[in-house]
Amino acid sequence: GGNGESIRTGMSEEAIRLAFLDNLFYVQGRFLEVASLDDKYKALAYTVRDRLLHRWVSTIRTYQQANPRTVCYLSAEYLPGPFMGLNLLNMGIEEPTRKALQSLGIDLESLIAYEQEPGLGNGGLGRLAACFMDSLATLQIPATSYGIRYEFGIFQQDIRNGEQVETTDNWLHYGNPWEVRRPQISYDVKIGGHTEHYTNEQGLHRVRWVPHETFRGVAIDTPILGHDVNTVNLMRLWRAEAAEALDFHAFNEGDYYGAVLREVRSETISKVLYPNDAPEIGKRLRLLQQHFFVTCSLQDMMRVHRTTGMPIERFHEKFTVQLNDTHPAIAVAELMRLLLDNHHLDWDTAWHVTRHTFAYTNHTLLPEALEKWPIPLFQSLLPRHLEIIYEINSRFLDEVRQRYPFDPDRAQRLSIIDETLPRHVRMAHLACIGSFAINGVAELHSQLLKETVLRDFYELWPEKFQNKTNGVTPRRFMLLSNPGLGSLLNETLGHGWETDLEQLRGLEAHADDPAFQERWRQVKRQRKEALAGEVHKLCGIDITPTSLYDVQVKRIHEYKRQHLNLLHIITLYNRIKRNPALDIVPRTFIFGGKSAPGYAMAKLIIRLINAVAEMVNRDRDVAGRLKVVFLPNFSVKLGQWVYPAADISQQISTAGKEASGTGNMKFSMNGALTIGTLDGANVEIREDVGAENFFLFGLDADAVSHTLANGYRPWDYYNANQELKDVIDLIASGFFAHGDRSLFQPLVDHLLQHDSYLLLADYADYIACQDQVSAAYRDPQRWTRMSILNVARIGKFSSDRTIAEYCRDIWKVQPVPVKLD
Ligand SMILES: CCc1ccc([C@H](C)CC(=O)N[C@@H]2O[C@H](CO)[C@@H](O)[C@H](O)[C@H]2O)cc1
């Protein structure tokens, strides 16, 4: 390149231009005039990837020299979002790249918009794992994030006649330039079969697992660069392949299907992500997927451990392994198997290493979301693991009986095995017994864990229990998503806040400054106009940026109460119909989120949202003062348009049900005000931003459990509140279903007869709170002050703070800065 820098690693506009053209010619085999958007995107991706791998090589060299204690994050889901924009930002080459492409007549934004994100997750849990990767690298912590490289990610959601329709997510169709296949890094994965116990010639007891089938897991690596550092950690995802791609013998016999059968069968393991954020009992492939990525990951750690020369008895000193919910909990039994059967350690030593290696994070209190596997399935798939689990359990129960000699019920409650027929393996129990630390993801959630689902374990091992309140990365969700806000903050606070978010406190001094307020409103206005453009493109609906953008985007679930949001919208609609001259604050209600394909009530809620939208958006009396939009196919990419454009963030789950929430943090970081319940991290957000800057309503977690325990009767609330009655009756009338009363009957019936998520009990307070929101919005000075103070006091909710706490309290690891060679 120009001033002596190589075009493979140079950071100047000139070097990047030459590198881009070089990749276009010699990787894509295209010249500019005939290059497609995909060619240009790939050429730029390879240009950026070279600079990532340059830093990765330096990182690996540093780690080999330092042999540091390393964090391994095991997660069945990752939602990293599109890579191009964040990699350019974290490497600090956005401007030179934009100019280099401009000089070639290419708009960088068009290439960034073209990228398809890896949708390898369902929602909160998967996105949190991605925010953690960004913070681990930015804090220069040696870490590897392990998971599954699904060929097909979370389904694409289309809305047809108001209904969710799922289509296959073929994200790899045009290939993925950000990943590097590592054929040399591959491991055997055994399943099924039986075990053989024998005594070897030295008279020692040995166990052999004779599998029914053996597959291969191959590593596919994606470099994860930290912000403004040289550290590149890896996201190492496993792809399933047959030990032998083609069975030539079968082929010679002319059995062509037989010849490829093994390959097809094996690939099935990592074929597709399970699209539910609640388990389905006994899905064989799901357990196979969990065993698959766990055994590959632990074997990979053992390979790295061997290179350190440290004895296997010190494995837990080299590696600390975080279990992202129970999905990788089989790891406790798998590490024992590898230590006992492959390294021939005695039980006690193996167990000592194992329980000092793992830590477990719980992400949900919903009883139906706690995974348990039927013993027959476990026996057929993982016979050796089941033997080990039985042994772990009997030694554990011995300890429990010693501790509580006269309390057989407690032992039964604590047992890994649920004896009620058909017998099941309780994965949360295996995780708790095999881990040295157990944490929830927000203070209220961690408290409820100790009082409810994990109470017995808390009473047994209170020292294991911790809280680690979630956080989100301000790089993607502030700087990248909201550059206008980023430059206003840089101008006002200087640089540095994006890696030390507490510096945002400096905004408090500007909260009442009229000039600064005006700049602040302009930033929000620009994002609202940008989103209006995207809504027009995606839904063909025109929304008004002067209206209040009232947003609820998250997975569709009854406990998240998207249908309570709808009860408010219909209430406003009825108010206008009763008095068309009513002076209300114009609102645009924006929904987004996928429903698990088999979750009928969630799908009905999506249908009702679109049905209400159809009626309200064309109603002449309403005259555009209310607009309802359902944004299809919500994703990280779409979130980056939505979070910066919101005025109100809806966080209205039934108290005690949302473990933390992370969307709530992304909205507040972009100056939206929250209307919410005292649930999950809402409690801590309100604590930090100030009660006067948060719109609170509803029963708290104690009141919810008391109300449900004392025979809750939703009918009473229906009969006692005329506005509520009118709303429910309107839905029941078929008004939103072209007169078809039966369509939404199941939803109405459930609300009047069960309402297990207390919508009717919280309705009146919610409506009153929304009226306060409208009143506040009429006073721009007051609203802008509240918005500025929300950002000023949101510092705690950076995933850098969360990861720093995991490093200090659980992983006991230190940063290892990397010098670029
Ligand atoms: C087996 C199917 C399955 C898949 C995913 C899950 C996740 C635990 C669900 C999830 O995403 N939980 C969310 O995790 C976030 C990150 O901690 C929290 O912020 C959300 O409150 C919680 O619902 C449960 C069951």
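Residues numbered from 1 in each chain as written. Predicted model: local features only at pLDDT ≥ 70, side-chain atom pairs only at ≥ 80, totals over all residues. Heavy atoms only, no water.

*Asks:* Please explain the sheet that holds strand β9 (residues 232–242) as it appears in this structure.
*Replies:* Hydrogen bonding along the main chain pairs the strands of a sheet, whether they run parallel or antiparallel. One open sheet holds the 9 strands; their spatial order is β5-β8-β9-β2-β1-β10-β11-β15-β16, and the pairing between them is mixed. Looking along the sheet, the strands with just one partner apiece sit at the ends: β5 (180–191) and β16 (465–467). Within the sheet, the average angular offset between the axes of one strand and its neighbour, ignoring direction, is 25°. The strands touched by helix α11 (residues 331–342) are β1 (70–74), β5, β10 (319–324) and β11 (358–361); relative to β11, the strand with the most contacts, the crossing angle is about 170°. (Pairing = 2+ DSSP bridges. Helix = DSSP H or I, 4+ residues; strand = E, 2+ residues; numbered from the N terminus. Axes fitted to C-alpha atoms, helices over the stretch in contact; angles between N-to-C directions. Contact = heavy atoms within 4.5 Å.)

*Asks:* Any chance you could explain helix α29 (residues 722–732) here in plain terms?
*Replies:* Working note: α-helix, 3.6 residues per turn, so residues spaced by three or four point in the same direction. Every buried residue of α29 is listed here: Leu724, Val727, Ile728, Leu730, Ile731 and Ala732. Close packing links the buried residues of α29 with α22 (562–578), α23 (600–617), α28 (714–720), α30 (745–753) and α31 (759–777). Here α29 starts with a cap whose side-chain oxygen sits 3.0 Å from the backbone nitrogen of Glu723, and that cap is Asn721. Gly734 sits one or two positions beyond α29 and adopts a positive phi of about 90°. (Buried < 20%, exposed > 50% of the residue type's maximum accessible area, 1.4 Å probe, protein only. Polar contact = N/O pair within 3.5 Å; in protein donor to acceptor, adjacent residues only side chain to side chain.)

*Asks:* What exactly am I supposed to notice about the site of the ligand here?
*Replies:* His363, Asn470, Glu658, Ser660 and Gly661 are the nearest of the 20 residues found near the ligand. The contact in question runs from an oxygen atom of the ligand to an N or O atom on the backbone of Leu125, over 3.1 Å. In the environment of the ligand, an oxygen atom lies 3.0 Å from a nitrogen or oxygen atom belonging to the backbone of Ser660. Here the ligand, which alone exposes 570 Å², has 94% of that area covered by the protein. Broken down by element, the shell around the ligand gets its largest block of residues, 3 residues, from helix α6 (residues 124–138). (Near = heavy atom within 4 Å. Areas by Shrake-Rupley, 256 points an atom, 1.4 Å probe, with all protein chains shown as cover.)

*Asks:* Help me understand the environment of Tyr63, please; the structure alone is not making it clear to me.
*Replies:* Here Tyr63 is to be found in helix α2 (residues 37–66). For the pair Tyr63 and Val813, spaced 750 residues apart in sequence, the C-alpha separation works out to 13 Å. The residues touching Tyr63, leaving out its near neighbours within four places in the chain, are Pro68, Ile141, Pro142, Thr231, Asn233, Val816 and Val818.

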